[in-house]
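# Structural characterization, general
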Amino acid sequence: MVNRVFAVEKFIYRVKYEKYEPSEDEIKAIGELLGQPTKKLNVVLDRYKQIFSRYIEKRCVDVDNKSLCIYVWNQKVPFKVFPMSMHLTGTIILFEDMYPKEVIAYPIPKALSYAKSSDVPEEKYCSVKPKEVSKRVDGWQLTAYFNPLLNRWIFATRYVLHNMYFEKGRLVIESFDSIANPYVYVADKIAQEENLYSLLDRFRGWTFTFVLEGPEPAITRPPYPLGDDYRKYKLYLVMARDPEGKLYTWSESVRILGYRGVEIVEPKTLHELHRDVVRKVDVRSYFAYVDTQDPENPLLIELESDVYPEAMEVKYLYSAKAAALLIVEGLGDELKKILNKIVEKQLDELSQEVLRLRLMISSIREEAIISASWEIVKTINEFRSNVDVKVEEISKALKENNINRVVKKILGIILENQSLVGRTTLEMLTMFNNTLEQRLKTL
């Protein structure tokens, strides 16, 4: 097993505290893990210091002469791909007298976005057919591992240990023997009721990655769950990693542990999978397991829906803006399938006004583009003051016949922070359309 975080930490400890003199090959290997191949020890030490001060969050708790540390990427900094960064997903290392003794949690590596990450370009990977594909459960990733200091199985999130949580952006650390993290608390209650710990106890030394599904998807950023809410949540097994470091696929992991897993999708080429998922309103993404001939480090690729975030804003937050933008994209009927009956009528009425606006904009004659752009901006400013919209932006899109861009710009401003529930939003959009229609008729 070569967890890259552990390999780097152990190397640095030996050099700093044991006065170890590594060979050039060892220095180069650690430099490569840190994303800077070099045979100069001082360059590696500087690179380590730079990465750990800027890119990495190392959160530790001390118990006697031991420490337990979880390693994650700093969310305030854009993610950068280099070998060690791929393991900054909640790796947990046990230290004894500052010495990195062992890896006790080794979750799944970072998944890279298809066509959005420069490391997974579409032209290179479009024809790749993965070994296995799953649907993403829109919840919170949790790591189950045997904790030798607690002498029990416990969960951690991707970012903190069981006794840590964030409050208004500040990290709170409570006593080590308490479960202070609300997501870990919920998972722990589920694990107890479903006898999950008895299944896990046969696999000490393994790491199991789960996802916790709640009554509201994680993408809408709901508040922390309350203790009594745990029955509203459900755990799914994602992947298992054995003590030698091998990472198993979704279906292999389910067979190993005998616990419910995520939904499997028929493997196709990445291009076909992306085409299937990109306009789904009810699936956040697909995950693809691409075999790299390295059982410890398969390539996990996420293929994302472009419209799912807006669909969830409509379903759970009743966002009129998100609904209107999806209607412009021709997804009104698909959206209706995932909404409750309460807002179905409002969605139909909103659709009529959105399509009316689109027809209005598409009817602008070429010779009237400049004057129409002025009228559009003037009308927007009457309904929404202090907004940044330029005549040149509108006219440029109209000249390019990019009607959807203009319509989305208008709706995005007019419907900002407006609710789909009630009559106020629809009445305002109707009034806007009436005003704009009268002005465009004079051109």
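Just so it is clear, the structure is predicted and the values come from calculations on it, not from any experiment. (Residues numbered from 1 in each chain as written. Predicted model: local features only at pLDDT ≥ 70, side-chain atom pairs only at ≥ 80, totals over all residues. Heavy atoms only, no water.)

## Some words on the environment of methionine 360
Relative to the assigned elements, methionine 360 resides in helix H12 (residues 344–362). Ignoring any residue separated from it by four or fewer positions in sequence, one finds methionine 360 in contact with Asn433, Leu436, Glu437 and Leu440. (Helix = DSSP H or I, 4+ residues; strand = E, 2+ residues; numbered from the N terminus. Contact = heavy atoms within 4.5 Å.)

## Here we look at the packing of helix H1 (residues 4–17) against helix H2 (residues 24–33)
Between H1 and H2, whose axes approach to 10 Å, the crossing angle comes to 135°. In terms of orientation, H1 and H2 fall into the oblique class. Pair H1 / H2 crosses with left-handed handedness. Within the contact between the two elements, H1 uses Arg4, Ala7, Val8 and Phe11 and H2 uses Glu26, Ile27, Ile30 and Leu33. (Axes fitted to C-alpha atoms, helices over the stretch in contact; angles between N-to-C directions. Parallel < 35°, antiparallel > 145°, perpendicular 65-115°, else oblique. Left-handed = near helix turned anticlockwise from the far one by under 90°.)

## Regarding the packing of aromatic side chains
This structure, assessed with the given rule, holds 21 aromatic pairs. With a centroid separation of 6.2 Å and 50° between ring planes, the pair formed by phenylalanine 155 and tyrosine 197 is classed as tilted. Here tyrosine 197 lies in helix H6 (residues 196–200) and phenylalanine 155 lies in strand E8 (residues 152–157), a separation of 42 residues in the sequence. Tyrosine 197 gets classed as buried once you look at its relative accessible area, which sits at 16%. Feature note: the residues Phe146, Trp153, Phe203, Trp206, Phe208 and Tyr248 constitute an aromatic cluster, connected by ring pairs. The ring centre of tyrosine 20 lies 3.9 Å from the NZ or CZ of arginine 14, which sits over that ring. Cation over ring: lysine 110 sits above phenylalanine 79, and NZ or CZ is 4.9 Å from the ring centre. (Phe/Tyr/Trp six-rings, centres within 6.5 Å; stacked < 30°, edge-to-face > 60°. Buried < 20%, exposed > 50% of the residue type's maximum accessible area, 1.4 Å probe, protein only. Lys NZ or Arg CZ within 6 Å of the ring centre and 35° of its normal.)

## Overview of the packing of helix H9 (residues 308–317) against helix H10 (residues 320–328)
Close contact between H9 and H10 brings their axes to 8 Å; oriented N to C, the two are set at 135°. As judged from the angle between their axes, H9 and H10 are oblique. The hand of the H9/H10 crossing is left-handed. The segment H9 lies against H10, with Glu310, Ala311, Glu313 and Val314 engaging Ala322, Ala323 and Leu326. In the contact of H9 with H10, the residues fall into five nonpolar, no polar and two charged. (Nonpolar A, V, L, I, M, F, W, Y, C, P; charged D, E, K, R; others polar.)

## Things to note about helix H13 (residues 369–383)
With 15 residues, H13 should reach 21 Å at 1.5 Å per residue; the first-to-last C-alpha distance of 21 Å fits that figure. Taken together, the buried residues of H13 touch H12, helix H14 (391–399), helix H15 (403–414) and helix H16 (424–441). (Expected span 1.5 Å × (residues − 1).)

## Remarks on the sheet that holds strand E15 (residues 299–304)
Spatially, E5-E15-E14-E6-E13 is the arrangement adopted by the five strands of the open sheet, whose pairing is mixed. Both edges of this open sheet fall to strand E5 (112–113) and strand E13 (264–265), since each of them pairs with a single strand only. By the bridge criterion, two bridges tie E5 to E15 in an arrangement that is parallel. Bridge pairing in E15 links serine 113 to glutamate 302. Those strands touched by helix H7 (residues 250–257) are strand E6 (132–135), E13 and strand E14 (285–290), and its axis lies near 80° from that of E6. The sheet strands contacting helix H8 (residues 270–277) are E6, E13, E14 and E15, and the helix crosses E15 at an angle near 35°. (Pairing = 2+ DSSP bridges.)

## Side note on the pairing of strand E9 (residues 164–167)
As judged from the four bridges shared by E9 and strand E10 (residues 170–173), these two strands associate in the antiparallel manner. For tyrosine 165, the partnering residue across the bridge sits in E10 and is valine 172. Linking E9 back to E10 in an antiparallel pair, the connection comprises two residues, with lysine 168 at a positive phi of about 55°.

## Section: the side chain of glutamate 353
Position of glutamate 353 among the secondary structure elements: in helix H12. Classification of glutamate 353 as buried rests on a relative accessible area of 12%. Those residues in contact with glutamate 353, other than ones at most four positions away along the chain, are Leu426, Leu429, Thr430 and Asn433.

## Structural notes on the sheet that holds strand E2 (residues 66–73)
Pairing in this open sheet of four strands is antiparallel, and the strands run E1-E2-E3-E4 from one edge to the other. A strand with exactly one partner marks an edge of an open sheet, and here the two such strands are strand E1 (56–63) and strand E4 (99–105). Strand after strand, the sheet turns through a mean of 25° between neighbouring axes, direction not considered. Sheet topology note: the E1/E2 ladder contains eight bridges and is antiparallel. Bridging across to E2, lysine 58 finds its partner in tyrosine 71.

## Description of the pattern of salt bridges
Here the structure, examined in full by the defined rule, presents 33 salt bridges. The salt bridge partner of lysine 390 is aspartate 388, with a shortest N-O separation of 3.0 Å. Residue lysine 390 is classed as partly exposed on the basis of its relative accessible area of 45%. With a closest N to O distance of 2.8 Å, glutamate 400 and lysine 396 form a salt bridge. Residue class for glutamate 400 comes out partly exposed when judged on its relative accessible area of 45%. By relative accessible area, which is 46% here, lysine 396 ends up partly exposed. What emerges from the salt-bridge pattern is a single network uniting Lys116, Glu304 and Asp306. (Salt bridge = Lys/Arg side-chain N within 4 Å of Asp/Glu carboxyl O.)

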